[in-house]
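Take a look at the letters that make up each chain.
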Protein chains: 2
Amino acid sequence: MTGGEIGGGDRRVGPMVLTVTLNAALDVTYRVPTLVPGATHRVTEVAEQAGGKGVNVARVLRALGAPVIATGLAGGAGGARLRSLLAEEGVREAFVPIAAESRRTVVVAEPDAATGLWEPGPTVTPDEWTAFRSRFADLVRGAEVVVLSGSLPPGVPVDAYRALIEAAREAGARTMLDSSGEALRHGLTAGPDLVKPNAEELAGLLGRALSRPAEAVGAVRALKARTVVASFGPEGLLAVTERGSWHALLPHPVAGNPTGAGDACAAALAHGMIHHRPWPERLADAVALSAAAVRAPVAGRVDLSDYRRLRRDVTIKEL
Amino acid sequence: MTGGEIGGGDRRVGPMVLTVTLNAALDVTYRVPTLVPGATHRVTEVAEQAGGKGVNVARVLRALGAPVIATGLAGGAGGARLRSLLAEEGVREAFVPIAAESRRTVVVAEPDAATGLWEPGPTVTPDEWTAFRSRFADLVRGAEVVVLSGSLPPGVPVDAYRALIEAAREAGARTMLDSSGEALRHGLTAGPDLVKPNAEELAGLLGRALSRPAEAVGAVRALKARTVVASFGPEGLLAVTERGSWHALLPHPVAGNPTGAGDACAAALAHGMIHHRPWPERLADAVALSAAAVRAPVAGRVDLSDYRRLRRDVTIKEL
């Protein structure tokens, strides 16, 4: 592979990334030997971490040494806990408080399986949404790149991402959108600088499934975004940019937990945006960081030395 | 059945019950259509209630119109939430704060099954335990009956119930102990006025299983408690008292969720203690309230009109 890897001593103050997580969560993991439906289980270990896709992106950016601020909506005891957990990790946060309780995502972890229980998101009031937009307008003035990730909680308008992308553009910041369904569709109408769908989201946007990355180039050009980076899981990443199109992948699949791999990919792409790195390098970083996230024993925690090893194996093909 | 039923307009100030819940919990119910291990589930409804055995006893006593104060240990966001939920229900509480987070008990409720996930209890510091004993000594002066229920969280001495029973006796209050394992065994050495084991706990205490209530009378007399009320589930209650021994049961089994039935039973027995009701009436109340708790759609919430109907069917046999 060409170019230097990212991370390491790269902690100087520089261009800042702002991550937005409107439906943040307190991620709770319950370890049990076996999950038996209908039975009562004594949980042997409880682990908590701040969660939600944008929060995960911020965590990986912080590990890469990039200046990042995590914003979004957080409420109640769960919201307070997720903010204090972020602070303990050294991730700067500027969450806007809401009255309702932030959701929890509970993962019941057996040695070989994980069962997820996703609480519904909190209901956001119109005043809280107005307060968030106002705070966002302040924060975005210090940001070079804004990453907008995940679902919208009840009460937030379905075109929320469009409004935020427009506000970011007015402030001179570039934007990356990583969402799904109606939130993604409405956000795309504002023309984000980068959109990062997975194969399923791409099929939803295009109205048909595309089984192989190389086949998708033409269809993807129709999307209203400057750049599209579509992830096809073990089939790798397809990037369709103004400077060319590439397909990046690891020749060997990696085993592990895919939760958080998409957020590690988004973090690598945001890092590439702020440092204006060449596309092949951004894609190699994104594939290797995603794979390192899959292999990480704790979902979403990337081992940078694993990333460096994997990065050497990434192949990039110009299309 | 003889005698009047309990509950209804009986809300005058009178002798007070103090319930003790050292390992209180925030009970959370997640409703899902089906629980599939290994899959991710969107929870359709989240319900929270204050929990722990003594808290459940207090709730039923409050429904019966008996003056009651719930004390115990509660900490963190979960502890604050359980205290505010108790206040919303109108249950007087005097919980002592601890630094660690109170546990949650999560029940994943499918239409026909319930899967429990019990978090481990919080670790209590020696200073917090000292503070609790001091608070208990104040509270018990206003109590006629003290109900000590459930497990001990880490950090609380294994003979905690012995110390509390002795302090209650010094203050002139009578005591009921409803626990298991070592906590029950140590508590019994202080000679509580009433001990309420179930068949499994009784087998643990006696070192052998007793399949039929009537066979247990002789063995139960050996326990160091003035009165033993042993519950045998659908086989009914066995009471061995200084005034005689009785076996009380419903001739027909009731279908439903047994969670909380033991606490409804304890509440009926505490109510009988403060009002010095005749033993056959206490036992009829206890059997009928337990059965009403089994039939209640929400665990631990007793429908008093259901209790009244069931009470007519209870049979009491003197042994």
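Residues numbered from 1 in each chain as written. Chains lettered and ligands numbered in written order. Predicted model: local features only at pLDDT ≥ 70, side-chain atom pairs only at ≥ 80, totals over all residues.

## A closer look at the overall build of chain A
Summing up its helical and strand segments, chain A has 10 helices and 15 strands in all. A globule of 319 residues ought to have a C-alpha radius of gyration of about 20 Å, and chain A, at 19 Å, matches this closely. Projected onto its principal axes, the C-alpha coordinates of chain A cover approximately 55 × 45 × 45 Å. Classification of the 319 residues of chain A by burial places 52% in the buried group. Counted over contacts in chain A with a minimum sequence separation of 6, partners at least 24 positions apart contribute 70%. (Helix = DSSP H or I, 4+ residues; strand = E, 2+ residues; numbered from the N terminus. Rg over C-alpha atoms; globule rule 2.2 N^0.38 Å. Buried ≥ 20, exposed ≤ 12 C-beta atoms within 10 Å, placed from the backbone. Contact = placed C-beta atoms within 7 Å.)

## Re helix α4 (residues 160-170) of chain A
An α-helical turn contains 3.6 residues, so a residue and the one three or four places further along point in the same direction. Residues and elements named next belong to chain A. Within α4, burial applies to A160, Y161, R162, L164, I165 and A168. On its buried face, α4 sits against β1 (17-21), α3 (126-140), β9 (145-149), β10 (174-178) and α5 (181-188). Remark: G172 follows α4 within two positions and exhibits a positive phi of approximately 85°.

## As for the sheet that holds strand β13 (residues 237-241) of chain B
Residue and element names in this part refer to chain B. Taken in spatial order, the 10 strands line up as β6-β5-β1-β9-β10-β11-β12-β13-β14-β15 in an open sheet, and their pairing is mixed. Looking at the sheet topology across the chains shown, the edges are occupied by β6 (92-98) and β15 (315-318). Where strand β5 (residues 68-75) lies against β6, 7 bridges are found, and the strand directions are parallel. Of the residues in β6, the one forming a bridge with A70 is E93. (Pairing = 2+ DSSP bridges.)

## Examining the packing of helix α4 (residues 160-170) of chain B against helix α5 (residues 181-188) of chain B
All names here are of chain B. Relative orientation of the contacting elements α4 and α5 amounts to 35°, with a least axis distance of 7 Å. The handedness of the crossing between α4 and α5 comes out as right-handed. Residue-level contacts link Y161, R162 and I165 of α4 to A183, H186 and G187 of α5. (Axes fitted to C-alpha atoms, helices over the stretch in contact; angles between N-to-C directions. Left-handed = near helix turned anticlockwise from the far one by under 90°.)

## A word on the confidence of the model for chain A
All names here are of chain A. For chain A, per-residue confidence averages 92 on the pLDDT scale, and 95% of positions sit at 70 or higher. The model gives residues 8-12 a pLDDT under 50, and that stretch makes 4 contacts with residues more than four places away or in other chains. Under the prediction, the complex receives an ipTM of 0.81, its pTM being 0.84. (pLDDT = per-residue confidence, 0-100.)

## Concerning helix α6 (residues 199-206) of chain A
For α6(A), every residue scored as buried is listed here: E201(A), L202(A) and L205(A). Projection of α6(A) onto a plane perpendicular to its axis shows the buried side chains occupying an angular sector of 100°, all on one side. (Arc of directions from axis to C-beta.)

## Remarks on the environment of G52(A)
Residues and elements named next belong to chain A. Along the chain, G52 turns up in the loop between β4 (45-51) and α1 (53-63). In this structure G52 comes out as buried when scored by C-beta crowding, with 30 C-beta atoms within 10 Å. Considered as a pair, G52 and S149 are 97 residues apart in the sequence and their alpha carbons are 8.1 Å apart. If sequence neighbours within four positions are ignored, G52 has contacts with T21, N23, A24, A25, G72 and G150.

## A word on the interface of chain B and chain A
If you look at the interface, chain B gives 22 residues, while chain A gives 22 residues. At 5 residues, strand β8 (residues 113-118) of chain B tops the list of elements feeding residues into the side of chain B that touches chain A. Counted by class, the side of chain B that touches chain A contains 14 nonpolar, 5 polar and 3 charged residues. In this structure, strand β8 (residues 113-118) of chain A lies alongside strand β3 (residues 40-42) of chain B, joined through 3 bridges in parallel fashion. Opposite G116(A), over in β3(B), you have T40(B) as the bridge partner. (Nonpolar A, V, L, I, M, F, W, Y, C, P; charged D, E, K, R; others polar.)

## Re the pairing of strand β14 (residues 244-249) of chain B
All names here are of chain B. The element β14 is largely enclosed, with a buried count of 5 among its 6 residues. Pairing analysis gives 5 bridges linking β13 to β14, with the strands arranged antiparallel. Bridge pairing in β14 places L237 opposite A248. Counting the residues between successive antiparallel strands, the hairpin from β13 to β14 contains 2 residues. In this sheet, β15 lies alongside β14 in antiparallel orientation, the contact comprising 4 bridges. Bridge pairing links L249 to T315 in β15.

## Topic: the environment of R135(A)
Residues and elements named next belong to chain A. Structurally, R135 is set in helix α3. As a C-alpha pair, R135 and G38 span 97 residues in sequence and 46 Å in three-dimensional space. Not counting the four nearest positions on each side in its chain, R135 is found in contact with T71, A94 and V96.

## Some points on the relation of the copies chain B and chain A
Between chain B and chain A, the superposition needs a rotation of 180° and an axial shift of 0.0 Å, giving an RMSD of 0.0 Å. The superposition operator between the copies reduces to a two-fold rotation axis. Among all C-alpha atoms of chain B, that of A77(B) lies closest to the rotation axis, at 2.7 Å. Interface overlap between copies: 100% of the residues of chain B at the interface are likewise at the interface in chain A, consistent with a symmetric, same-surface contact. (Least-squares fit on C-alpha atoms with pLDDT ≥ 70 in both.)

## Notes on the packing of helix α2 (residues 76-89) of chain A against helix α2 (residues 76-89) of chain B
Between two packed helices, what matters for the description is the angle formed by their axes and the separation of those axes. Packing of α2(A) against α2(B) brings their axes to within 10 Å, and their N-to-C directions diverge by 165°. Our classification of the angle between α2(A) and α2(B) gives roughly antiparallel. Pair α2(A) / α2(B) crosses with right-handed handedness. Residues A77(A), A80(A) and R81(A) of α2(A) touch α2(B), and the partners they reach there are A77(B), A80(B) and R81(B). (Parallel < 35°, antiparallel > 145°, perpendicular 65-115°, else oblique.)

## So, the nonpolar core
In this structure, A270(A), L289(A), A270(B) and L289(B) are the most contacted members of the largest nonpolar core, which totals 206 residues. In contact with A270(B), not counting residues within four places along its chain, are V17(B), V57(B), L61(B), V145(B), V147(B) and M176(B). (Core = buried A, V, L, I, M, F, W, Y, C linked by C-beta atoms within 7 Å.)

## Structural notes on the pairing of strand β13 (residues 237-241) of chain A
All names here are of chain A. A large share of β13 lies buried, amounting to 4 of its 5 residues. Sheet topology note: the strand β12 (residues 227-231)/β13 ladder contains 4 bridges and is antiparallel. For V229, the partnering residue across the bridge sits in β13 and is A239. If you look at the hairpin formed by β12 and β13, you'll find 5 residues sitting between the two strands, and G233 has a positive phi there, around 60°.

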